[in-house]
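# Reading the structure
What follows is each chain in one-letter form.
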Amino acid sequence: MAETGSPFIQVVGGGRLDLPRGLALVGRGEEADLRLPSPEVSAQHAWLRRDGRTTWVNDANSTNGTWLNGARLVAGRDQELHHGDRLEFGPVAAVFRDPAGGARRPPTQVQQRPGVSYGNVSAGTFNHAGRDVNNSYDQRQHHRYEFTTPEGQAINELATGRGAGRVLMVLGQLAALAGFCLWAFVILRFIASISTSASTPAAEFTPPELLGPPVLGGVPLGVVGFGLFVLGAVVSAVGLVVSKSARERRKR
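Everything quoted here is computed from the prediction, not taken from an experiment.

Counting secondary structure elements, the chain contains 4 helices and 14 strands. Buried positions account for 35% of the 252 residues belonging to the chain. Within the chain, counting contacts between residues at least 6 apart in sequence, those at least 24 apart form 53% of the total. Accessible surface, the chain: about 13800 Å² in total, of which carbon and sulfur atoms supply 60%.

Structural data, given as structure tokens:
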């Protein structure tokens, strides 16, 4: 049951979606707290956070974007909402209403943005789906946006990815590790040979192979190790691209 005077989202041409305290996910997916059954809305479209008397909106890297008063939001960045603000989740238009905070700003008149459809979405449903809305928003944000560097994204995909992309990443990293070990073995072997040459008579000293002993049809072991390392890195990079592409398709 909604609290008296609590903020809510009024879908244009649709119904009212009451905001719970804490964090709520907006999207068309089954896991969404505030569901908008439109194919143009991403499964995980945006986050709404109600913190005391303040409500924030945050785009979840949606395909068609989240718009506030005609301006597209930057994904992952909080934006405070005020009574009467116009929201657009892709083509779905809505107005933020805060009865207790209505005096802070005059209501914003809802105007149609080109490409936005009004009234083609039903009232939507409020769906907890077992989600604990009292979980810390900051903890969820930290988990979702922690990995921003290429190295961090690769680790994230390796840990959470699924399917062929993850398999390629694992195989590639194993191959790269094996190649590095072979290459390191050749280098250490060469250094050890140079060290022992000091105590060996010059007539008996045999210069070590710089690239290691020949293997695989005469190819030096060091070259094999280096080639295996490069091949593993390439396969791992391909796996990363495949995994990220599959993740983006699942979000749509």
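Further remarks concern the side chain of His83. Examined against the element boundaries, His83 turns out to sit in the loop between β9 (79-81) and β10 (86-89). Here His83 falls in the buried class, since its relative accessible area comes to 12%. At 2.9 Å, the side chain of His83 and the backbone nitrogen of Asp98 are in polar contact.

Moving on to the confidence of the model for the chain. Considering every residue of the chain, the mean pLDDT works out to 75; 66% of them sit at 70 or more. When pLDDT is averaged over each element of the chain, strand β7 (residues 66-68) comes out on top at 95 and helix α1 (residues 137-145) at the bottom at 38. A low-confidence stretch, residues 106-111 stays under pLDDT 50, and its non-local contacts, those more than four residues away or across chains, total 16 contacts. Ignoring residues within four places in sequence, the model shows residues 117-148, a span with pLDDT below 50, making 74 contacts including any to other chains.

Right, let's get into the pattern of salt bridges. Scanning the model with the defined rule gives 6 salt bridges in all. With its nearest N and O atoms 2.6 Å apart, the salt bridge here joins Arg16 to Asp18. The salt bridge involving Glu30 is made with Arg35; its shortest N-O contact spans 3.4 Å.

The next thing to look at is a nonpolar patch on the surface. Nonpolar side chains collect at one region of the surface, where Phe180, Trp183, Ile187, Leu188, Ile191, Phe226, Phe229, Val230, Val234, Val238 and Val242 lie side by side and expose about 970 Å² of accessible area between them. Every element with two or more residues in the nonpolar patch is listed here: α3 (164-196) and α4 (221-251). Counting residues per element, the nonpolar patch draws most heavily on α4, at 6 residues. With respect to the helices and strands, the residue Val238 is situated in helix α4. The exposure class of Val238 is partly exposed, given its relative accessible area of 40%.

Take the environment of Gly70 next. Relative to the helices and strands, Gly70 resides in the loop between β7 and β8 (71-72). Residues Gly70 and Arg86, spaced 16 residues apart in sequence, show a C-alpha to C-alpha distance of 7.6 Å.

With that settled, the discussion passes to the UniProt feature "transmembrane region" (unreviewed entry) in the chain. UniProt's entry tags residues 174-195 and 215-242 with the feature "transmembrane region" (unreviewed entry), counted in the numbering of this structure. The distance from the first to the last C-alpha atom of residues 174-195 is 31 Å, and the span holds 100% helix and 0% strand. End C-alpha to end C-alpha, residues 215-242 measures 34 Å, and it is 79% helix and 11% strand.

Rules and cut-offs
Residues numbered from 1 in each chain as written. Predicted model: local features only at pLDDT ≥ 70, side-chain atom pairs only at ≥ 80, totals over all residues. Heavy atoms only, no water. Helix = DSSP H or I, 4+ residues; strand = E, 2+ residues; numbered from the N terminus. Buried < 20%, exposed > 50% of the residue type's maximum accessible area, 1.4 Å probe, protein only. Contact = heavy atoms within 4.5 Å. Areas by Shrake-Rupley, 256 points an atom, 1.4 Å probe, with all protein chains shown as cover. Polar contact = N/O pair within 3.5 Å; in protein donor to acceptor, adjacent residues only side chain to side chain. pLDDT = per-residue confidence, 0-100. Salt bridge = Lys/Arg side-chain N within 4 Å of Asp/Glu carboxyl O. Patch = residues over 30% accessible without salt bridge, like charges linked within 9 Å, V, L, I, M, F, W, Y side chains within 5 Å. UniProt positions renumbered as here; feature names shortened; annotations may be inferred.

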